[in-house]
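Single-letter residue listing:
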Amino acid sequence: MPLHLLSSPAAAAKLAAGLRAAPLRRCHSFAPAPRHPDRVSLATCLSAAAAARSAGPAVAAAQTKLGMSGKKQVLISLSDKTDLAYLGNGLQGLGYSIISTGGTATSLEAAGVGVTKVEEVTNFPEMLDGRVKTLHPSIHGGILARRDQEHHLKALKDHGIGTFDVVVVNLYPFYDKVTSGTISFEDGIENIDIGGPTMIRAAAKNHKDVLVVVDHNDYPALLEYLKGNQEDQQFRRMLSWKAFQHVASYDAAVSEWLWKQSNKGEMFPPSFTVPLELKSTLRYGENPHQNAAFYADKSLSLVGTGGIATAIQHHGKEMSYNNYLDADAAWNCVSEFDSPTCVVVKHTNPCGVASRQDILEAYRLAVKGDPVSAFGGIVAFNTTIDEDLAKEIREFRSPTDGQTRMFYEIVVAPGYTEKGLEILQGKSKTLRILEAKISGKGMLSLRQVNGGWLAQESDDLTPEDITFTSGSERAPQENELADAKFAWLCAKHVKSNAIVIAKNNCMLGMGSGQPNRRESLRIAFRKAGEEAKGAALASDAFFPFAWNDAVEEACENGIGIIAQSGGSIRDEDAVACCNKYGVSLVFTGVRHFKH
């Protein structure tokens, strides 16, 4: 979990001097570093004046008596050797003796750093193809011994074991290995680290006496801390927290992988852990009085699946909590379509959708569907935005008055030409321009409720996956069925009770989120206007009472075809009503509730 304790050696120097450290360096794709002087950040915790906690005169005397004072030792065992020479030289310059393993020791020697190999300490060679090298009392005794317990120190002296002041360890690249392509089960097993997590956990538990580092970005802070000879327990605790979190995320990946290897096809394990990585803190949450942050899901199942969480922000203000929700809704909807499509979203509902071979026309039609709602919304495309489309987005005037230039919070697309991006960047300093990969399918969908989580398969069904069965006397024409399929796919992304009216691959009107389905219907017709005549109407569920519900009202307003889920014991009412007005009725057999 790459949260960096301090952003630079300069910041670390400030820590050593007792000054306020620089802001955290975040690993994120969207927002710049957050500005929250009133919040408690990791860097603030590290630079806070924590109460010094020393071993005390009595323990110091005991250490001297046992002949253990003055020898400072560091244990280093790394798979990722980034900045190893910098660390080794820094520690050596501070007078630390370095104990190391295998390839790490070789790399240190090559950098001119003096090193003692682990087997010289344990008097036991590495064995079992390297599976056993640090799992030894001479190593773990020196890590776990409490310096404030005289009997611990005596036990070390009796067995000739020295103490470790610092442990620097990272783990076998299990995550990278199992996500890099197809590997054998045996290869996956061999990339599960055992000795590394054991050393990390031991040092993290005994953090009062042992500093533990798992991230090369923390080397500058470590060296500055050691140089300053500080006893800041807050710094030690934060390193310990990071170490345990690092191991927890690692174990989560191993657990997920083993479950999939052992239970193919079963999506819901008896228990599981979701590893999350902080991408950025947010200005505020859904409302200004709520604090918020954005985390990326590091589950193996989400590697390479695309979506808004992994999008790149090319321009604009940092993303807000609601920006993420709206951008996700827009991107999920536009990703459904194969032909060039534009989707406009407001408050997580698509208020405009259009597909055309000419993406400029699709954009104009999508905005026209509800220009009032589109203003200040999110506009998404499933095609690359080139110079011509960028100019159209920048200059397009609202259909309501033909003069007001359309304003958007976010533009999201799978790619941009160099010129297209340049033109969009000139539209507004605040316009967020996102580049995202098409969202994957077959994933687990999680939703929080108070005290628990709901889990379900993602709703990946498209019109091509189901059969539209005619239930009325008048069978639908080919163009009507195409309209019904388009409307049904749009309704999938509209909040229940969802009503979508569409014609010729263009959404004309929609109603959403109303407890009364007839209200959703009336909202949709009000937006569609006269164009609703002969159009398709899709519902996310069924109409149980045709004569007193929405079916008759839809027929009276000139709808040409109705697509509903079917399955109600009163389907005969809907059929009879459609037959009365000569409207085609098709059943999908599939519901698309969206709450």
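Everything quoted here is computed from the prediction, not taken from an experiment.

Asker: Can you help me understand the overall build of the chain in this one?
Answerer: Scanning the chain for helices and strands turns up 22 helices and 21 strands. Split into buried and exposed, the 595 residues of the chain put 49% on the buried side. Accessible area of the chain: about 27400 Å², with a carbon and sulfur share of 50%.

Asker: Explain helix α5 (residues 102-110) to me, please; I cannot follow it from the model alone.
Answerer: Each turn of an α-helix holds 3.6 residues, which means side chains three or four residues apart point in the same direction. Turning to α5, its buried residues number three or more, namely T104, A105 and L108. For α5, the arc enclosing every buried residue in end-on projection is 100°, short of the 170-degree limit, so these residues lie on one face. The inward-facing, buried residues of α5 contact β1 (73-77), α4 (84-93), β2 (97-100) and β3 (116-117). One or two residues past the end of α5 sits G112, with phi positive at roughly 80°.

Asker: Could you clarify how one ought to interpret unusual backbone geometry in this entry?
Answerer: Among all residues save glycine, negative phi is the norm, and among peptide bonds the norm is trans. Here the bond from S496 into N497 is cis, since omega is -10°, no more than 30 degrees from zero. On the secondary structure map, N497 appears in the loop between α19 (478-491) and β17 (499-502). Look at N505: it is not a glycine, yet its phi comes out positive at around 55°. Locating N505 in the fold gives a position in the loop between β17 and β18 (507-511). Take N505: its relative accessible area is 33%, and that puts it in the partly exposed class.

Asker: Teacher, can you tell me more about the nonpolar core here?
Answerer: If you look at soluble globular proteins, the nonpolar side chains tend to sit buried side by side. Among the nonpolar cores identified, the biggest contains 53 residues, and Y363, F381, I385, I501 and I562 are the most heavily contacted of them. In contact with I501, other than residues within four places in its own chain, are C506, M507, L508, G509, A524, F525, A528, A532, A535, A536, L537 and I559. With 44 residues, the next largest nonpolar core counts W331, V334, V353 and A498 among its residues.

Asker: Looking at this model, I keep getting lost on the sheet that holds β17. Mind explaining?
Answerer: To summarise the sheet geometry, strands pair through backbone hydrogen bonds and adopt either a parallel or an antiparallel arrangement. Pairing within the open sheet is mixed, and its six strands lie in the order β16-β21-β20-β19-β17-β18. The sheet is open, and its two edges are formed by β16 (469-470) and β18, each paired on a single side. The pairing of β17 with β18 spans four bridges and is antiparallel. Note on β18: the bridge partner recorded for V500 is M510. Lying over the sheet, α19 contacts β17, β18, β19 (536-539), β20 (561-564) and β21 (584-587), oriented at roughly 35° with respect to β19.

Asker: Just checking my understanding: could you explain the environment of L223 for this structure?
Answerer: Position of L223 relative to the elements: it lies in helix α12 (residues 219-228). For L223, a relative accessible area of 7% gives the class buried. Residues L223 and L87, spaced 136 residues apart in sequence, show a C-alpha to C-alpha distance of 7.8 Å. Beyond its immediate sequence surroundings of up to four residues, L223 is in contact with Y86, L87, G90, L91 and L94.

Asker: I tried to follow the sheet that holds strand β11 (residues 377-381) on my own but got confused; where do I start?
Answerer: Read from one edge of the open sheet, six strands run β8-β13-β12-β11-β9-β10, paired in mixed fashion. Unpaired on one side and paired on the other, β8 (312-315) and β10 (349-355) mark the two borders of the sheet. In this sheet, neighbouring strand axes are inclined to one another by 20° on average, regardless of whether the strands run parallel or antiparallel. Relative to strand β13 (residues 432-435), strand β12 (residues 408-413) runs parallel, the two being bridged by four bridges. Across the sheet, V412 pairs through a bridge with L434, a residue of β13.

Asker: Please clarify how the environment of A329 should be interpreted in this entry.
Answerer: Checked against the element boundaries, A329 lands in helix α14 (residues 321-334). Residues A329 and N349, spaced 20 residues apart in sequence, show a C-alpha to C-alpha distance of 7.1 Å. Not counting residues up to four positions away in its chain, the partners in contact with A329 are V345 and T348.

Asker: Looking at this structure, how should I read the packing of aromatic side chains?
Answerer: Each aromatic ring pair is summarised here by two numbers: the centre-to-centre distance and the angle between the ring planes. Taken as a whole and assessed by the stated rule, the structure comprises 11 aromatic pairs. Ring geometry for Y363 and F396: centres 5.3 Å apart, planes at 65°, overall edge-to-face. In this pair, Y363 is assigned in helix α15 (residues 359-368) and F396 in the loop between α17 (387-395) and β12, connecting sequence segments 33 residues apart. Across the pair, F396 and Y363 agree in class, each one buried. Relative to F407, the ring of F375 lies with its centre 5.8 Å away and its plane at 50°, an arrangement referred to as tilted. With F375 in the loop between α16 (371-374) and β11 and F407 in the loop between α17 and β12, this pair connects stretches of sequence that are 32 residues apart.

Asker: Even after reading the chapter, I still don't get the packing of α17 against helix α18 (residues 418-425), so can you show me in this structure?
Answerer: When two helices pack together, their arrangement is given by the angle between the helix axes and by the axis-to-axis distance. It is the contact of α17 with α18, at a shortest axis distance of 8 Å, that shows an interaxial angle of 10°. Viewed along their axes, α17 and α18 adopt a mutual orientation that is roughly parallel. The segment α17 lies against α18, with E387, A390, K391, I393 and R394 engaging K419, G420, I423 and L424. Here the contact of α17 with α18 is built from residues that sort into four nonpolar, one polar and four charged.

Asker: Looking at this structure, how should I read the pattern of salt bridges?
Answerer: It is possible for side chains of opposite charge to pair when their charged atoms get near one another. For the structure shown, the criterion picks out 22 salt bridges. K492 is paired through a salt bridge with E336; the nearest N and O atoms lie 2.6 Å apart. Of the two residues, K492 sits in the loop between α19 and β17 while E336 sits in the loop between α14 and β9 (341-346), which places them 156 residues apart along the sequence. One exposure class covers both K492 and E336, and it is buried. The partner of R394 in a salt bridge is E395, with the nearest N and O atoms 2.9 Å apart. Residue R394 is classed as partly exposed on the basis of its relative accessible area of 26%. Given the relative accessible area of 30%, E395 is considered partly exposed. Overlapping salt bridges, with partners in common, bring together R394, E395, R397 and R405 in one network.

Scoring rules and cut-offs
Residues numbered from 1 in each chain as written. Predicted model: local features only at pLDDT ≥ 70, side-chain atom pairs only at ≥ 80, totals over all residues. Heavy atoms only, no water. Helix = DSSP H or I, 4+ residues; strand = E, 2+ residues; numbered from the N terminus. Buried < 20%, exposed > 50% of the residue type's maximum accessible area, 1.4 Å probe, protein only. Areas by Shrake-Rupley, 256 points an atom, 1.4 Å probe, with all protein chains shown as cover. Arc of directions from axis to C-beta. Contact = heavy atoms within 4.5 Å. Core = buried A, V, L, I, M, F, W, Y, C linked by side-chain atoms within 4.5 Å. Pairing = 2+ DSSP bridges. Axes fitted to C-alpha atoms, helices over the stretch in contact; angles between N-to-C directions. Phe/Tyr/Trp six-rings, centres within 6.5 Å; stacked < 30°, edge-to-face > 60°. Parallel < 35°, antiparallel > 145°, perpendicular 65-115°, else oblique. Nonpolar A, V, L, I, M, F, W, Y, C, P; charged D, E, K, R; others polar. Salt bridge = Lys/Arg side-chain N within 4 Å of Asp/Glu carboxyl O.

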